[in-house]
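Residues per chain, in single letters:
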Amino acid sequence: EEQRRRWLPDLFSARKIGAFALSEPNVGSDPAAAELTAKREGDDWVLNGAKFWISNGSLAGPIVVFAQADPGARHKGMAAFVVDGDSPGLERQVIQEKLGLHASNTAALFFDGVRVPGDRLLGKPGDGFKIAQTSLESGRTSTAACAVGIIQACLDACIAYAGHRQQWGKPIAAHQLIQEMVADMATDCEAARLLTLDAARVRDAGGPATKNVVMAKHFATEAAVRAARTAISLHGGVGYLGEYPVEGLLRDAIGLSLYEGTTQIQKLILGRELLGVSAF
(Lines give C-alpha, C1' and ligand atoms only; values in the text may rest on other atoms or scores of the structure.)
Protein backbone atom coordinates (compact mmCIF):
# COMPACT_ATOMS: atom_id res chain seq x y z
CA GLU A 1 0.00 0.00 0.00
CA GLU A 2 2.88 2.34 0.79
CA GLN A 3 4.27 1.71 -2.70
CA ARG A 4 0.91 2.56 -4.27
CA ARG A 5 0.79 5.85 -2.38
CA ARG A 6 4.35 6.65 -3.42
CA TRP A 7 4.05 6.18 -7.18
CA LEU A 8 0.48 5.91 -8.41
CA PRO A 9 -0.71 9.53 -7.84
CA ASP A 10 2.07 10.92 -10.06
CA LEU A 11 1.48 8.26 -12.71
CA PHE A 12 -2.32 8.62 -12.77
CA SER A 13 -2.05 12.41 -13.01
CA ALA A 14 0.65 12.17 -15.73
CA ARG A 15 3.05 14.25 -13.66
CA LYS A 16 5.42 11.36 -14.29
CA ILE A 17 5.62 8.79 -17.10
CA GLY A 18 6.27 5.15 -16.26
CA ALA A 19 7.92 2.34 -18.21
CA PHE A 20 7.84 -1.47 -18.20
CA ALA A 21 11.28 -3.04 -18.72
CA LEU A 22 11.02 -6.74 -19.53
CA SER A 23 12.59 -7.39 -22.97
CA GLU A 24 16.36 -7.65 -23.34
CA PRO A 25 18.80 -7.78 -26.28
CA ASN A 26 18.85 -11.62 -26.07
CA VAL A 27 15.47 -12.13 -24.41
CA GLY A 28 12.12 -11.53 -26.09
CA SER A 29 9.52 -14.28 -26.24
CA ASP A 30 11.14 -16.17 -23.35
CA PRO A 31 11.17 -13.62 -20.50
CA ALA A 32 12.10 -16.28 -17.92
CA ALA A 33 15.55 -16.33 -19.54
CA ALA A 34 16.26 -12.77 -18.34
CA GLU A 35 19.99 -12.04 -18.12
CA LEU A 36 19.80 -8.80 -16.13
CA THR A 37 20.79 -9.77 -12.60
CA ALA A 38 19.76 -8.47 -9.18
CA LYS A 39 22.22 -9.22 -6.38
CA ARG A 40 21.37 -8.50 -2.77
CA GLU A 41 23.83 -6.34 -0.82
CA GLY A 42 22.60 -5.63 2.68
CA ASP A 43 19.18 -4.01 2.46
CA ASP A 44 19.75 -3.01 -1.18
CA TRP A 45 19.80 -4.76 -4.54
CA VAL A 46 22.37 -4.12 -7.26
CA LEU A 47 21.26 -4.46 -10.91
CA ASN A 48 23.56 -5.28 -13.84
CA GLY A 49 22.59 -5.93 -17.45
CA ALA A 50 20.51 -4.40 -20.21
CA LYS A 51 16.93 -3.97 -21.39
CA PHE A 52 15.76 -3.34 -24.95
CA TRP A 53 12.60 -2.16 -26.76
CA ILE A 54 11.38 -0.24 -23.70
CA SER A 55 8.47 2.09 -24.47
CA ASN A 56 8.95 5.50 -22.79
CA GLY A 57 12.32 4.20 -21.64
CA SER A 58 14.25 7.45 -22.08
CA LEU A 59 11.43 9.60 -20.65
CA ALA A 60 10.20 7.59 -17.68
CA GLY A 61 10.54 8.50 -14.03
CA PRO A 62 9.67 5.19 -12.32
CA ILE A 63 10.58 2.09 -14.36
CA VAL A 64 9.39 -1.40 -13.42
CA VAL A 65 12.46 -3.52 -14.10
CA PHE A 66 12.43 -7.33 -14.16
CA ALA A 67 15.65 -9.05 -13.10
CA GLN A 68 16.96 -12.50 -12.25
CA ALA A 69 17.57 -12.67 -8.50
CA ASP A 70 18.47 -16.37 -8.61
CA PRO A 71 20.48 -17.09 -11.78
CA GLY A 72 19.48 -20.39 -13.36
CA ALA A 73 16.09 -20.52 -11.63
CA ARG A 74 14.28 -18.96 -14.64
CA HIS A 75 10.76 -17.80 -13.74
CA LYS A 76 11.12 -18.89 -10.10
CA GLY A 77 13.99 -16.46 -9.60
CA MET A 78 12.57 -13.38 -11.28
CA ALA A 79 12.03 -10.23 -9.24
CA ALA A 80 10.45 -6.87 -10.10
CA PHE A 81 11.80 -3.51 -8.92
CA VAL A 82 10.75 0.11 -9.31
CA VAL A 83 13.86 1.96 -10.47
CA ASP A 84 14.19 5.73 -10.85
CA GLY A 85 15.05 6.77 -14.40
CA ASP A 86 17.83 9.05 -13.16
CA SER A 87 19.50 6.41 -10.97
CA PRO A 88 23.33 6.49 -10.94
CA GLY A 89 24.68 3.77 -13.22
CA LEU A 90 21.62 3.72 -15.49
CA GLU A 91 22.25 4.78 -19.09
CA ARG A 92 19.30 5.33 -21.44
CA GLN A 93 19.55 5.44 -25.25
CA VAL A 94 16.71 6.20 -27.66
CA ILE A 95 16.28 3.57 -30.40
CA GLN A 96 16.23 5.40 -33.75
CA GLU A 97 15.16 4.56 -37.31
CA LYS A 98 12.19 2.31 -36.56
CA LEU A 99 9.99 1.23 -39.47
CA GLY A 100 6.94 2.71 -37.77
CA LEU A 101 5.60 3.87 -34.39
CA HIS A 102 7.52 7.12 -34.81
CA ALA A 103 5.44 8.85 -32.12
CA SER A 104 6.43 6.23 -29.53
CA ASN A 105 9.61 6.75 -27.51
CA THR A 106 11.53 3.47 -27.52
CA ALA A 107 14.81 2.98 -25.66
CA ALA A 108 17.59 0.68 -24.58
CA LEU A 109 18.53 0.71 -20.89
CA PHE A 110 21.96 -0.23 -19.53
CA PHE A 111 22.39 -1.03 -15.83
CA ASP A 112 25.92 -0.83 -14.44
CA GLY A 113 25.83 -1.44 -10.71
CA VAL A 114 22.50 0.36 -10.25
CA ARG A 115 21.68 0.28 -6.53
CA VAL A 116 18.02 -0.11 -5.63
CA PRO A 117 16.73 0.18 -2.03
CA GLY A 118 14.96 -2.89 -0.68
CA ASP A 119 11.62 -1.08 -0.44
CA ARG A 120 11.61 -0.82 -4.25
CA LEU A 121 11.05 -4.57 -4.61
CA LEU A 122 7.50 -5.40 -5.79
CA GLY A 123 6.15 -8.37 -3.88
CA LYS A 124 8.82 -10.94 -3.05
CA PRO A 125 11.83 -12.30 -4.96
CA GLY A 126 10.29 -14.84 -7.32
CA ASP A 127 7.08 -12.85 -7.88
CA GLY A 128 8.47 -11.03 -10.93
CA PHE A 129 7.32 -13.51 -13.57
CA LYS A 130 3.75 -13.52 -12.25
CA ILE A 131 3.71 -9.71 -12.18
CA ALA A 132 5.01 -9.56 -15.76
CA GLN A 133 2.46 -12.06 -17.09
CA THR A 134 -0.42 -10.17 -15.46
CA SER A 135 0.78 -6.91 -17.02
CA LEU A 136 1.20 -8.52 -20.45
CA GLU A 137 -2.51 -9.37 -20.60
CA SER A 138 -3.33 -5.69 -20.15
CA GLY A 139 -0.79 -4.69 -22.81
CA ARG A 140 -2.06 -7.28 -25.27
CA THR A 141 -5.65 -6.08 -24.85
CA SER A 142 -4.68 -2.46 -25.50
CA THR A 143 -2.56 -3.54 -28.49
CA ALA A 144 -5.60 -5.27 -29.97
CA ALA A 145 -7.57 -2.06 -29.45
CA CYS A 146 -4.87 -0.09 -31.28
CA ALA A 147 -5.15 -2.56 -34.15
CA VAL A 148 -8.92 -2.04 -34.33
CA GLY A 149 -8.24 1.69 -34.64
CA ILE A 150 -5.88 1.10 -37.56
CA ILE A 151 -8.40 -1.10 -39.37
CA GLN A 152 -11.11 1.51 -38.89
CA ALA A 153 -8.79 4.25 -40.15
CA CYS A 154 -7.99 2.17 -43.26
CA LEU A 155 -11.69 1.54 -43.86
CA ASP A 156 -12.58 5.22 -43.51
CA ALA A 157 -9.78 6.24 -45.88
CA CYS A 158 -10.78 3.63 -48.47
CA ILE A 159 -14.47 4.56 -48.43
CA ALA A 160 -13.63 8.24 -48.87
CA TYR A 161 -11.11 7.62 -51.67
CA ALA A 162 -13.27 5.11 -53.55
CA GLY A 163 -16.14 7.57 -53.59
CA HIS A 164 -14.31 10.30 -55.54
CA ARG A 165 -11.57 8.50 -57.49
CA GLN A 166 -12.76 7.98 -61.09
CA GLN A 167 -11.75 5.17 -63.49
CA TRP A 168 -13.54 4.07 -66.68
CA GLY A 169 -16.00 6.89 -66.28
CA LYS A 170 -17.27 6.09 -62.78
CA PRO A 171 -16.08 6.11 -59.14
CA ILE A 172 -13.99 3.08 -58.32
CA ALA A 173 -16.52 2.35 -55.56
CA ALA A 174 -18.77 1.06 -58.34
CA HIS A 175 -16.32 -1.71 -59.30
CA GLN A 176 -16.92 -5.17 -57.90
CA LEU A 177 -13.37 -5.93 -56.74
CA ILE A 178 -13.18 -2.61 -54.87
CA GLN A 179 -16.42 -3.48 -53.09
CA GLU A 180 -15.00 -6.89 -52.17
CA MET A 181 -11.88 -5.25 -50.68
CA VAL A 182 -13.96 -2.85 -48.59
CA ALA A 183 -16.40 -5.58 -47.51
CA ASP A 184 -13.58 -7.86 -46.29
CA MET A 185 -11.95 -4.98 -44.43
CA ALA A 186 -15.22 -4.02 -42.72
CA THR A 187 -15.82 -7.61 -41.65
CA ASP A 188 -12.30 -7.89 -40.21
CA CYS A 189 -12.83 -4.59 -38.40
CA GLU A 190 -16.03 -5.73 -36.74
CA ALA A 191 -14.62 -9.15 -35.83
CA ALA A 192 -11.47 -7.59 -34.33
CA ARG A 193 -13.55 -5.06 -32.39
CA LEU A 194 -15.84 -7.73 -30.94
CA LEU A 195 -12.92 -9.99 -29.95
CA THR A 196 -11.22 -7.04 -28.24
CA LEU A 197 -14.35 -5.98 -26.37
CA ASP A 198 -14.90 -9.58 -25.28
CA ALA A 199 -11.34 -9.82 -23.94
CA ALA A 200 -11.82 -6.57 -22.03
CA ARG A 201 -15.16 -7.76 -20.66
CA VAL A 202 -13.70 -11.01 -19.33
CA ARG A 203 -10.75 -9.19 -17.77
CA ASP A 204 -13.05 -6.62 -16.11
CA ALA A 205 -15.13 -9.46 -14.68
CA GLY A 206 -12.01 -10.95 -13.10
CA GLY A 207 -12.28 -14.26 -14.94
CA PRO A 208 -9.50 -16.22 -16.69
CA ALA A 209 -8.90 -14.12 -19.79
CA THR A 210 -5.78 -15.58 -21.42
CA LYS A 211 -7.65 -17.32 -24.25
CA ASN A 212 -9.77 -14.25 -25.02
CA VAL A 213 -6.83 -11.86 -24.88
CA VAL A 214 -4.50 -13.84 -27.17
CA MET A 215 -7.28 -14.44 -29.70
CA ALA A 216 -8.01 -10.71 -29.80
CA LYS A 217 -4.36 -9.75 -30.01
CA HIS A 218 -3.30 -12.09 -32.80
CA PHE A 219 -6.45 -11.68 -34.91
CA ALA A 220 -6.72 -7.90 -34.60
CA THR A 221 -3.06 -7.17 -35.29
CA GLU A 222 -2.85 -9.45 -38.32
CA ALA A 223 -6.16 -8.02 -39.57
CA ALA A 224 -4.65 -4.54 -39.24
CA VAL A 225 -1.71 -5.56 -41.44
CA ARG A 226 -4.14 -7.00 -44.02
CA ALA A 227 -6.28 -3.87 -43.90
CA ALA A 228 -3.33 -1.54 -44.41
CA ARG A 229 -1.96 -3.59 -47.32
CA THR A 230 -5.40 -3.64 -48.89
CA ALA A 231 -5.81 0.10 -48.35
CA ILE A 232 -2.54 0.80 -50.16
CA SER A 233 -3.65 -1.42 -53.05
CA LEU A 234 -7.02 0.32 -53.27
CA HIS A 235 -5.34 3.73 -53.35
CA GLY A 236 -2.95 2.55 -56.05
CA GLY A 237 0.25 4.54 -56.56
CA VAL A 238 -0.77 7.37 -54.24
CA GLY A 239 -1.16 4.87 -51.42
CA TYR A 240 2.62 4.50 -51.53
CA LEU A 241 3.12 8.21 -50.88
CA GLY A 242 3.53 9.81 -47.48
CA GLU A 243 0.92 12.50 -48.23
CA TYR A 244 -1.77 9.83 -47.85
CA PRO A 245 -2.23 8.14 -44.46
CA VAL A 246 -2.33 4.49 -45.45
CA GLU A 247 1.41 3.82 -45.86
CA GLY A 248 2.01 5.00 -42.31
CA LEU A 249 -0.81 2.80 -41.06
CA LEU A 250 0.92 -0.25 -42.57
CA ARG A 251 4.21 0.57 -40.85
CA ASP A 252 2.49 0.91 -37.49
CA ALA A 253 0.36 -2.21 -38.00
CA ILE A 254 3.47 -4.32 -38.57
CA GLY A 255 4.79 -3.12 -35.21
CA LEU A 256 1.58 -4.14 -33.43
CA SER A 257 1.96 -7.69 -34.72
CA LEU A 258 5.40 -7.94 -33.08
CA TYR A 259 5.33 -6.43 -29.62
CA GLU A 260 3.52 -7.74 -26.52
CA GLY A 261 4.27 -11.17 -28.02
CA THR A 262 4.43 -11.95 -31.73
CA THR A 263 1.50 -13.47 -33.61
CA GLN A 264 3.25 -16.84 -33.51
CA ILE A 265 3.66 -16.68 -29.72
CA GLN A 266 -0.03 -15.78 -29.32
CA LYS A 267 -0.98 -18.88 -31.32
CA LEU A 268 1.24 -21.08 -29.16
CA ILE A 269 -0.37 -19.69 -26.02
CA LEU A 270 -3.83 -20.22 -27.50
CA GLY A 271 -2.92 -23.79 -28.47
CA ARG A 272 -1.75 -24.46 -24.92
CA GLU A 273 -5.00 -23.05 -23.52
CA LEU A 274 -7.12 -25.23 -25.84
CA LEU A 275 -5.10 -28.47 -25.80
CA GLY A 276 -3.56 -28.36 -22.34
CA VAL A 277 -0.10 -29.07 -23.78
CA SER A 278 2.69 -26.51 -23.98
CA ALA A 279 4.73 -26.38 -27.18
CA PHE A 280 7.39 -24.14 -25.63
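In this text, all values refer to a predicted model and were calculated from it rather than measured experimentally.

### What to know about the packing of helix α4 (residues 210-235) against helix α6 (residues 263-275)
Then, in step 1: Where α4 contacts α6, the axes come no closer than 9 Å and their chain directions differ by 150°. As judged from the angle between their axes, α4 and α6 are roughly antiparallel. Between α4 and α6 lies a crossing of left-handed hand. Counting all contacts with α4, which are made through Thr210, Lys211, Val214, Met215, Lys217, His218, Thr221 and Glu222, the residues of α6 involved are Thr263, Gln266, Lys267, Ile269, Leu270, Glu273 and Leu274.
Then, in step 2: Of the residues belonging to the contact of α4 with α6, the class tally is five nonpolar, five polar and five charged.

### Things to note about the nonpolar core
As a rule of thumb, soluble globular proteins bury nonpolar side chains together.
Then, in step 1: Ile150, Ile151, Cys154, Met185 and Leu234 are the most contacted members of the largest nonpolar core, which totals 36 residues.
Then, in step 2: Looking at this core, the elements with two or more residues in it are α2 (128-164), α3 (176-204), α4 and α5 (246-256).
Then, in step 3: By size, the runner-up hydrophobic cluster in this structure holds 21 residues, among which are Leu36, Phe81, Leu109 and Val114.

### Description of the pairing of strand β4 (residues 62-68)
Then, in step 1: Most of β4 is tucked away, with six of its seven residues classed as buried.
Then, in step 2: Sheet topology places strand β1 (residues 19-21) next to β4; three bridges connect them, and they run parallel. Within β4, the residue paired with alanine 21 across the bridge is valine 65.
Then, in step 3: Summarising the sheet, β4 and strand β5 (residues 78-84) pair through seven bridges and their orientation is antiparallel.

### Some words on α6
Then, in step 1: Taking 1.5 Å per residue as the helical rise, α6 with its 13 residues ought to reach 18 Å, and the 18 Å between its terminal C-alpha atoms agrees with that figure.
Then, in step 2: Those residues of α6 hidden inside the fold are in contact with α2 and α4.
Then, in step 3: Positioned one or two residues after α6, glycine 276 has a phi angle of 75°, which is positive.

### Considerations on the side chain of threonine 106
Then, in step 1: Within the secondary structure, threonine 106 is located in strand β7 (residues 106-117).
Then, in step 2: Here the side chain of threonine 106 touches lysine 98 through a polar contact of 2.7 Å, side chain to side chain.
Then, in step 3: Among residues more than four places away in sequence, those in contact with threonine 106 are Trp53, Ile54, Gln93, Val94, Ile95 and Lys98.

### Regarding the environment of isoleucine 17
Then, in step 1: Inspection of the secondary structure assignment puts isoleucine 17 in the loop between α1 (2-12) and β1.
Then, in step 2: Distance in space between the C-alpha atoms of isoleucine 17 and glycine 237 is 40 Å, their sequence separation being 220 residues.
Then, in step 3: Discounting residues that sit within four places of it in the chain, isoleucine 17 has contacts with Leu11, Asn56, Ala60, Gly61 and Pro62.

Conventions and cut-offs
Residues numbered from 1 in each chain as written. Predicted model: local features only at pLDDT ≥ 70, side-chain atom pairs only at ≥ 80, totals over all residues. Heavy atoms only, no water. Axes fitted to C-alpha atoms, helices over the stretch in contact; angles between N-to-C directions. Helix = DSSP H or I, 4+ residues; strand = E, 2+ residues; numbered from the N terminus. Parallel < 35°, antiparallel > 145°, perpendicular 65-115°, else oblique. Left-handed = near helix turned anticlockwise from the far one by under 90°. Contact = heavy atoms within 4.5 Å. Nonpolar A, V, L, I, M, F, W, Y, C, P; charged D, E, K, R; others polar. Core = buried A, V, L, I, M, F, W, Y, C linked by side-chain atoms within 4.5 Å. Buried < 20%, exposed > 50% of the residue type's maximum accessible area, 1.4 Å probe, protein only. Pairing = 2+ DSSP bridges. Expected span 1.5 Å × (residues − 1). Polar contact = N/O pair within 3.5 Å; in protein donor to acceptor, adjacent residues only side chain to side chain.

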